[in-house]
Each structure stands twice: as structure tokens, then as C-alpha cells.
Amino acid sequence: MSEYKDVMVFVEVFGGRAKNVGLEILGPAKKIADAAGEKVVAVFVGNGSDDAIKAAISYGADQVISVEGADYEDYSVEGYAYALAQIIEKYNPIAFLFGATSNGRELAPRLAARFITGASADSTNIEVGDGGSIQWTRPVYAGRMLSLVECAATRPQIGTVRPGIFKRGEPDMSRTAEIIKEDIALPAGTVRTSIVEKITEAAEGAVKLEDAEIIVSGGRGLGKPENFSLVKDLADVLGGVVGASRAAVDAGWIPHVHQVGQTGKTVGPKLYIACGISGAIQHLAGMSGSDTIIAINRDPDAPIFEIADYGVVGDIKEVLPAFTEAVKKLKA
């Protein structure tokens, strides 16, 4: 175990910016590193990461390792996994943390398999146990129970962490850190997939629920898909984005990209407004980490009111337009 040092965090980059979850998990990584007397190392793979690297340093990275080159222009699980495996072999980290994103969820288990170690998925809490091993807490059985996962006998300890669970601290732009550029060429045949075409029109309308500070979500209680326009009106005036429950998505009222919950996105905005959402445990698992929750529902016994900071019992078609107009007057 003495051969291992430092705690690594894979920071994903999209459009030249670091994804929020990568910056969020620098906090728990710091806790693990401090307990072991080691550093927090932010790892980047891909081009155009300069601004993201500065952000990672400001949020607590003590060191940065960056892999760039033509091989990493576009994400591929084979290519990125190969590069990260080379970094693990060279630097022997105690732990490697990933965000529970689409990319993180396929990279983490691949690396765990290569190094014959465990991988905890979708963790919602991280503690340091006896002997310095990490105790990963993750929900099971649709969030009805919590499982404590520990990988005491092998290193590195690998796990994915849900977005929005850990809050980012305040950035310190005066921080500096060593930046190491690793030149890792991919052997021929490593990447077995290729991008044939990029459909940018679809990406332009993508919803970034994980990064949103304000989310207004609608459920089956809206009554019909047309009433999502009321949700959108409120989201627009608040400067937020539109979310949805699984019931609304399954009914075909709104695309899956808007879904919040266990089978959708896990979010932790400053403000979450649930409109016509009953509060099934699967939905609560995806938004219960929000700073402030407002619930609007006709049913006074809806489970959503049990976790809401503020509740409004009333008809969505009456409450939402009034809410939107009130916000407009305040902003004016």
C-alpha cells in the first residue's frame, strides 16, 4: 500500500469548460487526500482544456495531469480508458474519482477491471475509514436502502459520484498548481469505433440539468402535455431550465433529456420547483439534494410535500401563471 499516493479526479470537459461534477468532487477528494497526507490531482484527457484546468486549480486541485493530441480530439471509451490506464500505472493513485456521467460510468468499471480492483457506482457520500480506505455510500433498491461499499484490499479505489451531491466551494483564482503534460500515443487498433457524422442541431438544444441552478419540473399532475408551456414560462422568467418526472416522460409529453430521477439525471440546484409531481421515491432520489424545494400539487397528501421547504396546494393552471407574473413584477 505504501507504493500508492495521491487522489485523482477525472474532470470532463465540454465546450472548453469543466463539467460541474468534476469540480464538485474535488471537495471529497481533498478530504481523502488530507487523511492520507497526499495531493489532489485533476486529470484531463482531450484538447482545449486550458480554461477547465484553471477552474480545477481554483477549486482545489494541487496538481494537474493533462493528455492532449489528435487521438483525443473526440471522446472514445477505448482511447480515454487507455490513456487513463497509463496514468494509473505511472502514478499509482490511492483513489480515482469520476462523475457519474455517461462517460464516467463506462470509464470507471473498465479501469477497475484492468487493475483488478473494485468500483463503487453512483455514490452519494464518501468517508475515510480505518486504514485510509474509502467508504462509499450508494443507494440501492430504488433508494429505499443505502449500501456501504469498501475496497480495503486493492488499489486504486475507484468510484463514480452523482452530480449535484457535493456542493462546489468558492473558487480561489490565486491558487497555482503544477501542470504535467503527458504524451500518450494510442497504439494502432486501440479505438475500434469512429465518428461518422456529428449532428450539431440536436446538441444545440440539449438540456444541461446537472449544471442548472434553477429547475422547474413538471409531472403527470399537469394534466396534459400542453401545460408544460406553463412550466417553461416560469423556468424562462426565473432563468432556469425545464425538468420532468419519469411519468411525464413515459407518457410522451416531453423528451427523456429532461428527466430527473433515478433513471434520469441527478441534480442539486439552488432552487427546484416540482409542479404536479407526486414525489415517488425514484424521483426524490434525483433531486433531494436541492438547496430549496418548492412543491405545487393539488393533493395535500402528496409525498413531495414531506421534503419540500415550501408547499402550495392548488391547481397548476392557476398557480403557475400567477407565480410567473409575480416573478416578472419583482424583476421589473
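Below is a summary of the structure that appears in this document. (Residues numbered from 1 in each chain as written. Predicted model: local features only at pLDDT ≥ 70, side-chain atom pairs only at ≥ 80, totals over all residues. Heavy atoms only, no water.)

1. A short note on the overall build of the protein
Filter applied, for reference: Under the DSSP-based scheme used, a helix requires at least four consecutive residues in state H or I and a strand at least two consecutive residues in state E, with every element numbered from the N terminus. The globule rule used here is 2.2 Å times the number of residues to the 0.38 power, and the radius of gyration it is set against is calculated over C-alpha atoms. Three labels apply to residues, based on accessible area from a 1.4 Å probe with only protein chains included: buried if under 20% of the type maximum, exposed if over 50%, partly exposed otherwise in between. Any two residues having at least one pair of non-hydrogen atoms within 4.5 Å are treated as being in contact. Each accessible area value is a Shrake-Rupley result obtained with a 1.4 Å probe; residue values ignore everything except the protein chains displayed when judging cover. Charge convention: Lys and Arg are scored as positive, Asp and Glu as negative, and His as well as the terminal groups of each chain are ignored. A single reference atom marks each charge: NZ on Lys, CZ on Arg, CG on Asp, CD on Glu.
Looking only at helices and strands, the protein has ten helices and 17 strands in total. Taking 332 residues into account, the globule formula puts the C-alpha radius of gyration at 20 Å, and the protein, at 21 Å, falls close to it. With respect to the principal axes defined by its C-alpha atoms, the protein has extents near 65 × 45 × 40 Å. Within the protein, the proportion of its 332 residues that are buried is 48%. Long-range contacts, defined as pairs at least 24 residues apart, comprise 64% of the intrachain contacts of the protein with a sequence gap of at least 6. Only carbon and sulfur atoms are counted for the fraction: they give 50% of the accessible area of the protein, which is about 15,900 Å². For the protein, the separation between the mean place of its 33 positive charges and that of its 43 negative charges on side chains is 3 Å.

2. Notes on unusual backbone geometry
Between R155 and the following residue, P156, the backbone shows a cis peptide bond with an omega angle of -5 degrees. Along the chain, P156 falls in the loop between β10 (145-150) and β11 (157-161). Although it is not a glycine, D6 adopts a positive phi angle of roughly 65 degrees. Here D6 lies in the segment before β1 (7-10). On the basis of relative accessibility, which here comes to 6%, the residue D6 falls in the buried class. Even without glycine at this site, D122 takes up a positive phi of about 55 degrees.

3. So, the sheet that holds strand β8 (residues 125-128)
What counts is decided by this rule: Two strands pair under a simple rule: DSSP has to find at least two bridges between them. All axes are obtained by fitting lines to C-alpha atoms, using only the stretch in contact for helices, and the reported angles, taken between N-to-C directions, cover 0 to 180 degrees.
A sheet is described by the order of its strands in space; here three strands give the open sequence β8-β9-β10, paired in antiparallel fashion. What marks the edges here is a single partner per strand, and that holds for β8 and β10. Between one strand and the next, the sheet's axes are offset by a mean angle of 25 degrees, whatever the strand orientation. When β8 meets strand β9 (residues 134-140), the two strands line up antiparallel, connected through four bridges.

4. Here's the deal with the pairing of strand β16 (residues 292-297)
Note the following rule: If you view a crossover with the strands going away from you and the path from the first strand over the helix to the second runs clockwise, you call it right-handed.
Counting buried positions over the six residues of β16 gives five, a clear majority of the element. By the bridge criterion, five bridges tie strand β15 (residues 271-275) to β16 in an arrangement that is parallel. By the bridge assignment for β16, Y272 is matched with I293. Handedness of the crossover joining β15 and β16 through helix α9 (residues 281-287): right-handed. Sheet topology places β16 next to strand β17 (residues 310-313); four bridges connect them, and they run parallel. The residue bridging N297 from the neighbouring strand is V313, located in β17.

5. Considerations on the packing of aromatic side chains
The criterion, for reference: The criterion for an aromatic pair is that two Phe, Tyr or Trp rings (for Trp, the six-membered ring) have centres within 6.5 Å, with stacked assigned to planes under 30 degrees apart, edge-to-face to planes over 60 apart and tilted to the rest. Only Lys NZ and Arg CZ are tested; either one counts as a charge over a ring when it is within 6 Å of the ring centre and within 35 degrees of the ring normal.
Applying the stated criterion to the full structure yields four aromatic pairs. Where Y75 meets Y80, the ring centres are 4.8 Å apart and the plane angle is 70 degrees; that geometry is what we call edge-to-face. A relative accessible area of 26% means that Y75 is categorised as partly exposed. By relative accessible area, which is 8% here, Y80 ends up buried. Measuring from ring centre to ring centre gives 4.8 Å for F96 and F98, while their planes differ by 20 degrees; the resulting arrangement is stacked. We classify F96 as buried; its relative accessible area is 0%. Three or more aromatic residues joined by ring pairs form one cluster here, namely F10, F96 and F98. Positioned over the ring face of W253 is R220, at 5.5 Å from the centre of the ring.

6. Let's talk about the sheet that holds β16
Strand order in this open sheet of five strands is β14-β13-β15-β16-β17, and the pairing throughout is parallel. Two strands close off the open sheet at either side, each with one partner strand: β14 (241-244) and β17. Across the sheet, the mean angle separating the axes of adjacent strands is 20 degrees when strand polarity is ignored. Packing against the sheet, helix α7 (residues 228-238) makes contact with β13 (214-218), β14 and β15, and its axis sits at approximately 175 degrees to β13. Taken strand by strand, helix α10 (residues 316-331) contacts β15, β16 and β17, and its axis lies near 135 degrees from that of β16.

7. Focus on the packing of α7 against α10
The line we're drawing: Throughout, the term roughly parallel applies to angles under 35 degrees, roughly antiparallel to angles over 145, roughly perpendicular to angles from 65 to 115, and oblique to all others. Each crossing gets its hand from how the near helix is turned against the far one by less than a right angle, where anticlockwise is left-handed and clockwise is right-handed. Gly falls in the polar group here, along with every residue not listed as nonpolar (Ala, Val, Leu, Ile, Met, Phe, Trp, Tyr, Cys, Pro) or charged (Asp, Glu, Lys, Arg).
Across the interface, α7 lies against α10 with an axial gap of 9 Å and an inter-helix angle of 20 degrees. Judged on the interaxial angle alone, α10 and α7 are roughly parallel. Handedness of the crossing formed by α7 with α10: left-handed. Of α10, the residues touching α7 (which contributes L230, V231, D233, L234, V237 and L238) are I316, K317, L320, P321, F323, T324, V327, K328 and K331. In the contact of α7 with α10, the residues fall into ten nonpolar, one polar and four charged.

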